[in-house]
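# Structural features, examined
Okay, here's what each chain looks like letter by letter:
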Amino acid sequence: NAGVTQTPKFRILKIGQSMTLQCAQDMNHNYMYWYRQDPGMGLKLIYYSVGAGITDKGEVPNGYNVSRSTTEDFPLRLELAAPSQTSVYFCASTARQSYEQYFGPGTRLTVT
Amino acid sequence: AQTVTQSQPEMSVQEAETVTLSCTYDTSESDYYLFWYKQPPSRQMILVIRQEAYKQQNATENRFSVNFQKAAKSFSLKISDSQLGDAAMYFCAYRASGKSTFGDGTTLTVKP
């Protein structure tokens, strides 16, 4: 199993550009999550999904969109990138709410 | 909204000594789960220990144990016989209803 994979690992965007952060898991997990981690801070939940076709907002959803058309994939879309979206983005998944989350390696995004 | 508070931004411990990291949370839920994660400089999130709220017994994993006080909404992590490899950022996390909330972390330094 590859676990949770994220692409790209690094990206620099110009203000106003758009991009999609890819996340995939091969563990057949129902729950998937997107977090952002600003320097020296904890993880903030952006969006989450409890199964294919079901998504919901987390703590900091503004400026982002998600979709969950399959169990495996959970892409995060940034529209009109802003400097405030400079952060490290983590995708995670879990089989059940009570279980640990498996995290991807993260994507470091810089918006200038 | 649920909140998780880690009141110690930084802690240090002498190698082989014991250190306790604090975490408090706020919730109105009765069914939830608590976690401690370790994040070394590699950024990878590593599960340290998990506690189910319905269990009165404190969880232990080798040198790591928790003091779970449900009424006080407190979930501290004790690291015994600290090792140089324990140096990292530690995050307390709460999960209920499919969503997770993380604290802002405690940076642990281990002195040889």
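These notes cover the structure that comes with them.

The rules we used
- Residues numbered from 1 in each chain as written.
- Chains lettered and ligands numbered in written order.
- Predicted model: local features only at pLDDT ≥ 70, side-chain atom pairs only at ≥ 80, totals over all residues.
- Heavy atoms only, no water.
- Helix = DSSP H or I, 4+ residues; strand = E, 2+ residues; numbered from the N terminus.
- Buried < 20%, exposed > 50% of the residue type's maximum accessible area, 1.4 Å probe, protein only.
- Contact = heavy atoms within 4.5 Å.
- Buried area = accessible area lost by both parts, 1.4 Å probe.
- Salt bridge = Lys/Arg side-chain N within 4 Å of Asp/Glu carboxyl O.
- Polar contact = N/O pair within 3.5 Å; in protein donor to acceptor, adjacent residues only side chain to side chain.
- Nonpolar A, V, L, I, M, F, W, Y, C, P; charged D, E, K, R; others polar.

Residues and elements named next belong to chain B. By the secondary structure assignment, Ser7 is in the loop between strand S1 (3-5) and strand S2 (10-14). A relative accessible area of 56% places Ser7 in the exposed class. In sequence terms Ser7 and Thr24 are 17 residues apart; their C-alpha atoms lie 8.4 Å from each other.

Attention now goes to the interface of chain A and chain B. With 26 residues of chain A in contact, the opposing surface of chain B contributes 20 residues. Buried surface at the junction of chain A and chain B, both sides included, amounts to about 1900 Å², of which 49% is carbon and sulfur. Between the two partners, chain A and chain B, sit one salt bridge. Across the chain A-chain B interface, the total number found is five residue pairs in polar contact (both at pLDDT 80 or more). Listed by contribution, the elements that provide at least two residues to the side of chain A that touches chain B are strand S4 (31-37), strand S5 (43-51) and strand S9 (87-94) of chain A. Broken down by class, the residue content of the side of chain A that touches chain B amounts to twelve nonpolar, nine polar and five charged.

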